[in-house]
Amino acid sequence: MTSLSSDSLSARTASASLAASAPAMVIDDVVKRFGRGTEVVTAVDHVSFNVAQGEFVSVIGPSGCGKSTLFNIIGGLLGDYEGNVLIGDERISAPHPEVGMVFQEESTFPWRNVIDNVAFPLELQGVAKSERMDRAHHFIDMVGLANFEKNYPSQLSGGMKQRVSIARTLVSQPKILLMDEPFAALDEQTRLLLGDKITQIQQQLNQTTLLITHNLTEAVQLSDRIVVMTYRPGKVKRIVDIKLARPRTSDVVGSDAFGHYVAEIWNDLREEASRGMADSESAASRRGAHG
Amino acid sequence: MAKAGAIPFTTRWMPEMFGIGTLVVAILIFELLVQSGVVNRFIIPPPSDVFLAFERVVMEEDILGRVRETAFEMTVAGVAVVIVGIPIGALLYRYSIWRRALEDWIGALAAAPIVLAFPLFLVLFGRSSTTIIVMAFFHGLAPIILKTVEGLTATRKVLINVGRSLNMTSSQMFWKILFPSALPVIFTGIRLSWTFCLITVVGVEFLINLGGLGQLINDLAERYDLPGTYASICFVIFVSVLFFVILERIESWLQPAR
Ligand SMILES: Nc1ncnc2c1ncn2[C@@H]1O[C@H](COP(=O)(O)OP(=O)(O)O)[C@@H](O)[C@H]1O
Ligand SMILES: [Mg+2]
């Protein structure tokens, strides 16, 4: 796949709907423990769910519940785990070429300007210079940084750097997109607008997407399904179908149905979040316990 | 202080003017101290005498030839140290067994007064430029190795993960992520190494009375021409500044706006 031409897009959509029956990704009874002896921390505890081809699934849970660990396992960066993560028929133990990752930490290359950062994956694939500049330009435009192509990361805000990372992952048009709290550094307005852009190309490319987040609004706005995780050990608490119509834009945030979903998931999440909070409070020596 | 629009002239050149001003004031203070007899003029000549000695040193002592000679030895040692030191640093980073085995020894090498081993090098390489270059090379090698290891090790984990997620080969990983990420620290290493190299070049020229500026300083000191000696030292500073300006140019060319 070398361009965003409508022909190749529709071809891909067609083949995708043929394969819609088999899940694009299977997460089957995954367990990950860190440390040994009495110091063992179970970061991910018997987590199972599937993601269908073209589906947008969010994993939501309080911080410290094992979301990034799960992200790293699915991305093939943590090969040593129990259970199975399957993409196609392949058990993941190393990065899969069809998976693109956006990391939670700031991950731009400070020695490359914006356009060279975004074109980086294409450079590795040996795409000719003029073509890779065109394609990089397209995605930079999409994340709203068209005027900053020649700037270096040190000259950008945290949110702008994160948008560069997102564009860098999207530019190679991965079939499966994994994102670990990609919008955490963005303000609410940018988050909503960028969410729209992501939804748009996700729908266009029929891209299978797994979004890790701790943000409820974001999860409901974007997802077909939401996996709610418990706090330590990280288990699946519940999986919620989001039956809001597509095409969907950030306008949906104002609707009754949206509010209903947010309230419903918050109900589940509240208990976990307060356990997480109590945990960090007791760690910093006991003060009054709220909520 | 900054006003809208272009940076005012005084703000733009303030650091430079302040630096030069400080130097001028220091020189004036010395002049006063020596002229008033507080400082013995046979230990430190008055700056005005040093200034006057410049002409003599340039006209009579073939200063250009000597600068060229010292700069040549410095260039060969400085380039060799970079070409050899960075790969050794990369290997130590890659093979942690070597690193644990050798890192302390290399640290010791950096601290060792290699200049004092000049008789050994004289036996090996004769009384020649080669001796000077080889000694400068060994003295300058350690910092660049250590800083290369340090810089590569400090590469942020998430950048390495980006590389892994893109299925980069280990050579791509090195050239496109580890090395550029380590570059600022490696440049610190080059700066340290070159300082060591220049000290050794001039020091050994002085000790074995051969070659460029070091020998001239030795000669003039022996003739008890103190103003000439100090004037020659100014040329050593000039060579040093020259190398560091070149290095800074290369650095900002390699990594703009970092
Ligand atoms: N490399 C590691 N070594 C030891 N413990 C880890 C490691 N990575 C994560 N953990 C622990 O696993 C738990 C989950 O971490 P993480 O997956 O980063 O959570 P989240 O992304 O949901 O905030 C935490 O308790 C964390 O301390
Ligand atoms: Mg995390």
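What counts, and where the lines are drawn
- Residues numbered from 1 in each chain as written.
- Chains lettered and ligands numbered in written order.
- Predicted model: local features only at pLDDT ≥ 70, side-chain atom pairs only at ≥ 80, totals over all residues.
- Heavy atoms only, no water.
- Helix = DSSP H or I, 4+ residues; strand = E, 2+ residues; numbered from the N terminus.
- Buried < 20%, exposed > 50% of the residue type's maximum accessible area, 1.4 Å probe, protein only.
- Contact = heavy atoms within 4.5 Å.
- Areas by Shrake-Rupley, 256 points an atom, 1.4 Å probe, with all protein chains shown as cover.
- Lys, Arg positive; Asp, Glu negative; His and termini not counted.
- Charge placed at Lys NZ, Arg CZ, Asp CG, Glu CD.
- Phe/Tyr/Trp six-rings, centres within 6.5 Å; stacked < 30°, edge-to-face > 60°.
- Lys NZ or Arg CZ within 6 Å of the ring centre and 35° of its normal.
- Domains from an automatic or database assignment.
- Buried area = accessible area lost by both parts, 1.4 Å probe.
- Salt bridge = Lys/Arg side-chain N within 4 Å of Asp/Glu carboxyl O.
- Polar contact = N/O pair within 3.5 Å; in protein donor to acceptor, adjacent residues only side chain to side chain.
- pLDDT = per-residue confidence, 0-100.
- Donors = N, O, S within 2.8 Å, 3.2 Å for Na, K, Ca; no water.

**A closer look at the overall build of chain B**
Counting its secondary structure elements, chain B contains ten helices and zero strands. Reading the secondary structure of chain B in the N-to-C direction produces α-α-α-α-α-α-α-α-α-α. Counting only C-alpha atoms, chain B reaches 70 × 65 × 30 Å along its principal axes. Expressed as a percentage of its 258 residues, the buried residues of chain B come to 40%. Of all intrachain contacts in chain B linking residues separated by at least 6 positions in sequence, the fraction that spans at least 24 positions is 73%. With an accessible surface of roughly 14,400 Å², chain B has 72% of that area assigned to carbon and sulfur atoms. Taking the 19 positively charged and 18 negatively charged side chains of chain B as two groups, their mean positions are separated by 17 Å.

**Remarks on the packing of aromatic side chains**
For the structure shown, the criterion picks out twelve aromatic pairs over all chains. Relative to B:Trp175, the ring of B:Phe174 has its centre 5.0 Å away and its plane inclined at 90°; by these criteria the two rings are edge-to-face. One cation-aromatic arrangement involves A:Arg168 over A:Phe109; the distance from NZ or CZ to the ring centre is 4.8 Å. Against the face of B:Tyr95 rests B:Arg94, its NZ or CZ located 5.0 Å from the ring centre.

**Regarding the domain arrangement of chain A**
All names here are of chain A. We note that the domain assignment places domain 1 (1-98 + 175-272) and domain 2 (106-173) within chain A. One C-alpha centre belongs to domain 1, the other to domain 2; they are set 23 Å apart. At the interface, 19 residues of domain 1 touch 14 residues of domain 2. Here domain 1 meets domain 2 over a buried area of about 1,300 Å², counting both sides, of which 69% is carbon and sulfur. Here domain 1 is connected to domain 2 by zero salt bridges. Inspection of the region where domain 1 meets domain 2 yields one residue pair in polar contact (both at pLDDT 80 or more). Among the elements that line the side of domain 1 that touches domain 2, the one with the most residues is helix α7 (residues 188-205), at six residues.

**Brief notes about the interface of chain A and chain B**
On the side of chain B, 18 residues touch chain A, which itself brings 24 residues to the contact. Interface area, chain A with chain B, both sides summed: about 1,800 Å², of which 65% is carbon and sulfur. A per-residue breakdown of the area chain A buries against chain B is headed by A:Leu77, A:Trp111 and A:Leu124, which together make up 33% of the total. Where chain A packs against chain B, one counts two salt bridges.

**Focus: the confidence of the model for chain B**
Residue and element names in this part refer to chain B. With 97% of its residues at a pLDDT of 70 or more, chain B has an overall mean of 88. The lowest-confidence element of chain B is helix α2 (residues 47-60), averaging 84 in pLDDT; the highest-confidence one is helix α7 (residues 157-165), averaging 96. In the model output, the complex is listed with pTM 0.83 alongside ipTM 0.85.

**Things to note about the coordination of the magnesium ion (ligand 2)**
All names here are of chain A. On the protein side, the magnesium ion (ligand 2) has Ser-68 (OG) and Gln-104 (OE1) as donor atoms, found 2.0 to 2.3 Å from it. Of this pair, Ser-68 sits in helix α2 (residues 67-74) while Gln-104 sits in the loop between β6 (99-102) and α3 (114-118), placing them 36 residues apart in sequence. With relative accessibility at 26%, the residue Ser-68 sits in the partly exposed group.

**Some points on the pattern of salt bridges**
Any two side chains of opposite charge can pair if their charged atoms end up close together. Residues and elements named next belong to chain A. Under the definition given, this model contains 21 salt bridges over all chains. For Lys-175, the salt bridge is made with Glu-98, and the minimal N-O distance between the two is 3.1 Å. Linking Lys-175 in the loop between α6 (158-170) and β7 (176-180) with Glu-98 in the loop between β5 (90-91) and β6, this pair joins segments that are 77 residues apart in sequence. A relative accessible area of 39% places Lys-175 in the partly exposed class. A salt bridge links Arg-191 to Glu-218; the shortest N-O distance between them is 2.8 Å. Of this pair, Arg-191 sits in helix α7 while Glu-218 sits in helix α8 (residues 216-222), placing them 27 residues apart in sequence.

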